[in-house]
Amino acid sequence: MSRAFVNEDHFVEGLPDRPVSDHPNLVTENGLRLIEAALQAARRDYGEAQAAGDRGALAGAGRDLRYWSARRASAEIVSINPDNAAVQFGNTVTIVRDDGREQSFAIVGEDEADPASGTISHVSPLARALLGKRVGDVVRAGQGEAEIIAIK
């Protein structure tokens, strides 16, 4: 009989692991809470999939559990040094672009970053351009330049 006609509902292809960044896993206190919440959710999902005998869900939950366990184990909390006037990890920086648009971004860890919500990863090109700069400095921002007008 051809293998094409064999019912293999019981077989689940292994899911590849989620890639883990080679960059240091710097996190804010909020970022660590988000990682811990994701890890807790992955543990719950894994247990539920195990109890249900759902091999597909188990594979997905196992992958997430491995990822969030690795991210939690490598997390390094970084606090803002209040005596440093330069842009640092965790700061919210306001810039004015060449076209007059004013934007604010908090520089956070990779797992916490969501540009649509105003957070960017510390390894993004914009964050790397901002780190170490001060109010009044001009940085490369996309195709143009932007001036830093506030650091919080």
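All residue numbers here refer to positions counted from 1 along the written sequence of the relevant chain. Local features in this predicted model are restricted to residues of pLDDT 70 or higher, and side-chain atom pairs are both shown and tallied only at a pLDDT of 80 or more, whereas totals for entire chains, interfaces and linings draw on every residue. Working from all heavy atoms in the structure, the side-chain values ignore hydrogens and water.

S.K.: Teacher, can you tell me more about helix H1 (residues 29–52) here?
M.R.: Spacing of three or four residues puts side chains on the same side of an α-helix, whose turn is 3.6 residues. Going along the chain from the N terminus, every DSSP run of H or I of four or more residues is numbered as a helix, and every run of E of two or more is numbered as a strand. In a helix, the anticipated span is given by 1.5 Å times the number of residues less one. Look at H1: 35 Å from first C-alpha to last across 24 residues, which is about the 34 Å you get at 1.5 Å a residue. Here the term buried applies to any residue with accessible area under 20% of the maximum for its type, exposed to any over 50%, and partly exposed to those in between, with areas from a 1.4 Å probe on protein chains only. For H1, the full list of buried residues reads Gly31, Leu32, Ile35, Ala38, Leu39, Ala42 and Ala49. The contact rule is simple, with two residues in contact once any of their heavy atoms fall within 4.5 Å. Against the buried residues of H1 lie strand E1 (26–27), helix H2 (55–74) and strand E2 (76–77). Positioned one or two residues after H1, Gly53 has a phi angle of 70°, which is positive.

S.K.: Help me understand the packing of aromatic side chains in this model?
M.R.: Aromatic ring pairs are described here by two measures, namely the spacing of the ring centres and the angle between the planes. Each Phe, Tyr or Trp ring (for Trp, its six-membered ring) is paired with any other whose centre lies within 6.5 Å, and the angle between the two planes then decides the class: stacked below 30 degrees, edge-to-face above 60, tilted in between. Counted according to the given criterion, the structure contains one aromatic pair. Pairing Tyr67 with Trp68 gives two aromatic rings, centres 4.8 Å apart and planes at 85°, and the pair type is edge-to-face. Judged by relative accessible area, Tyr67 falls into the buried class, the value being 8%. Criterion for a charge above a ring: Lys NZ or Arg CZ within 6 Å of the ring centre, and within 35 degrees of the ring normal. Directly above the aromatic system of Tyr67 lies the positively charged group of Arg18, at a separation of 3.9 Å from the ring centroid.

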